[in-house]
Amino acid sequence: MHIFKRADGAEQPFWACGPFKIRLPFVHYRWETAEMLQALIMFVVSLGMIPLLEKYLGLPYDVALAYVVVCGVGFMLPALLGVPMVPGWITPAIPVVLLFLGDFEPGPQAIQALFALQLLVCLIFFVLGITRLGSAMVRIVPNSMKGGIIIGARLGFSEHRDDNLRIFEFALDDADSAKIAAAADRLRPIPGDCGD
């Protein structure tokens, strides 16, 4: 149940606050089960960062948990302020950030390094947003490359390095090469406009 009702076809009710449109659950919109389940899943995913915060920043568990909760509240702010944005981590950057933090002693030094890195990323994104180069990059970079970047994030995690290096141990012997050549000889060109 919510206090303010939306008229059919009208914009969801809000409290104006400068450029923002504040919308609170139970006040401006009703509690949705689907959104609640999504929020619970997102919170559990966020908890996965706690071991990384403990290892690379040297934080105790309770402080790492507080970091994750504050991060989760930050993820809710755009929806509450009426900003059409889906916040989240830059997942493909996590392995690179962890490699960067590996050069620092866990504790204040690593926290300062992470803070400096975050300020640098903020500056880069600010420049991309102001100059509209971010939109140009989204249009120029093919979807296959974007997907490769996201999927490739797993390849950088240190616990999978040995698995990934085993790819380079793969080799074909002469019998395998002969089977591939025989199969290729049986292929017939496809008629039509398929590049032939």
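Notes on the structure in this doc start here. (Residues numbered from 1 in each chain as written. Predicted model: local features only at pLDDT ≥ 70, side-chain atom pairs only at ≥ 80, totals over all residues. Heavy atoms only, no water.)

**Some details on the packing of helix H4 (residues 94-101) against helix H5 (residues 108-131)**
- At a minimum axis distance of 10 Å, the contact between H4 and H5 shows a crossing angle of 135 degrees. Viewed along their axes, H4 and H5 adopt a mutual orientation that is oblique. Remark: the crossing between H4 and H5 carries right-handed chirality. Along its contact with H4, which presents Val-97, Phe-100 and Leu-101, the element H5 presents Ala-110, Ala-113, Leu-114 and Leu-117.
- Tallied by class, residues from the contact of H4 with H5 come to seven nonpolar, no polar and no charged. (Axes fitted to C-alpha atoms, helices over the stretch in contact; angles between N-to-C directions. Helix = DSSP H or I, 4+ residues; strand = E, 2+ residues; numbered from the N terminus. Parallel < 35°, antiparallel > 145°, perpendicular 65-115°, else oblique. Left-handed = near helix turned anticlockwise from the far one by under 90°. Contact = heavy atoms within 4.5 Å. Nonpolar A, V, L, I, M, F, W, Y, C, P; charged D, E, K, R; others polar.)

**Comments concerning the environment of Gln-118**
- With respect to the helices and strands, Gln-118 occurs in helix H5.
- On the basis of relative accessibility, which here comes to 47%, the residue Gln-118 falls in the partly exposed class. (Buried < 20%, exposed > 50% of the residue type's maximum accessible area, 1.4 Å probe, protein only.)

**A word on the packing of aromatic side chains**
- For the structure shown, the criterion picks out one aromatic pair.
- Positioned over the ring face of Phe-14 is Lys-21, at 5.1 Å from the centre of the ring. (Phe/Tyr/Trp six-rings, centres within 6.5 Å; stacked < 30°, edge-to-face > 60°. Lys NZ or Arg CZ within 6 Å of the ring centre and 35° of its normal.)

**A short note on the layout of surface pockets**
- By volume, the largest pocket is sized at about 1200 Å³.
- Glu-35, Ala-39, Phe-75, Met-76 and Ala-79 are, among the 30 residues lining the largest pocket, the residues nearest its centre.
- Partitioned by chemical class, the residues of the lining of the largest pocket number 20 nonpolar, six polar and four charged.
- In this structure, the second largest pocket occupies an estimated 970 Å³ of space.
- In terms of lining residues, the second largest pocket is bounded by 28 residues, among which Met-49, Trp-89, Val-97, Leu-114 and Gln-118 are the most central.
- At the level of secondary structure, the elements contributing two or more residues to the lining of the second largest pocket comprise helix H2 (50-57), helix H3 (61-80), H4 and H5.
- Residue composition of the lining of the second largest pocket, grouped by class: 26 nonpolar, two polar and no charged. (1 Å grid on protein atoms, 1.4 Å probe; cavity = no way out; pocket = protein on both sides within 12 Å on 5 of 7 lines; lining within 4 Å. Points joined across faces, edges and corners; volume = space filled by probe spheres on them.)

**Quick look at the side chain of Arg-23**
- Looking at where Arg-23 falls in the secondary structure, it is placed in the loop between strand S2 (20-22) and helix H1 (33-47).
- Only 3.0 Å separates the side chain of Arg-23 from the side chain of Glu-11, close enough to count as a polar contact.
- Leave out the neighbours within four places in its chain, and Arg-23 touches Glu-11, Gln-12, Pro-13, Phe-14, His-28, Tyr-29, Leu-80 and Gly-82. (Polar contact = N/O pair within 3.5 Å; in protein donor to acceptor, adjacent residues only side chain to side chain.)

**Side note on a nonpolar patch on the surface**
- A surface patch of nonpolar side chains, amounting to about 790 Å² of accessible area, comprises Ile-90, Leu-120, Leu-123, Ile-124, Phe-125, Phe-126, Val-127 and Ile-130.
- Mapped onto the secondary structure, Phe-125 falls in helix H5. (Patch = residues over 30% accessible without salt bridge, like charges linked within 9 Å, V, L, I, M, F, W, Y side chains within 5 Å. Areas by Shrake-Rupley, 256 points an atom, 1.4 Å probe, with all protein chains shown as cover. Salt bridge = Lys/Arg side-chain N within 4 Å of Asp/Glu carboxyl O.)

**Notes on the nonpolar core**
- Grouped together as the largest cluster of nonpolar side chains are 14 residues, with contacts concentrated most on Leu-53, Leu-57, Leu-59, Ala-64, Val-68 and Leu-101.
- Contributing elements (two or more residues each) for this core: H2, H3, H4 and H5.
- With four residues, H2 is the single largest residue contributor to this core.
- With near-sequence residues (within four places) excluded, Leu-57 lies in contact with Leu-52, Leu-101, Pro-106, Gly-107, Ala-110, Ile-111 and Leu-114. (Core = buried A, V, L, I, M, F, W, Y, C linked by side-chain atoms within 4.5 Å.)

**As for the pattern of salt bridges**
- The tally for this structure, following the rule as stated, stands at two salt bridges.
- Among the ionic pairs, Glu-11 bridges to Lys-21, the shortest N-O distance being 2.9 Å. With Glu-11 in the segment before strand S1 (15-17) and Lys-21 in strand S2, this pair connects stretches of sequence that are ten residues apart.
- Look at Glu-11 and you get partly exposed, because its relative accessible area is 44%.
- Its salt-bridge partner being Glu-11, residue Arg-23 comes within 3.0 Å of it at the nearest N-O pair. Taken as a pair, Arg-23 in the loop between S2 and H1 and Glu-11 in the segment before S1 lie far apart in primary sequence, twelve residues in all.
- Taking the relative accessible area as the measure of exposure, Arg-23 reaches 13% and is therefore buried.
- Several salt bridges converge on common partners, so that one network encompasses Glu-11, Lys-21 and Arg-23.

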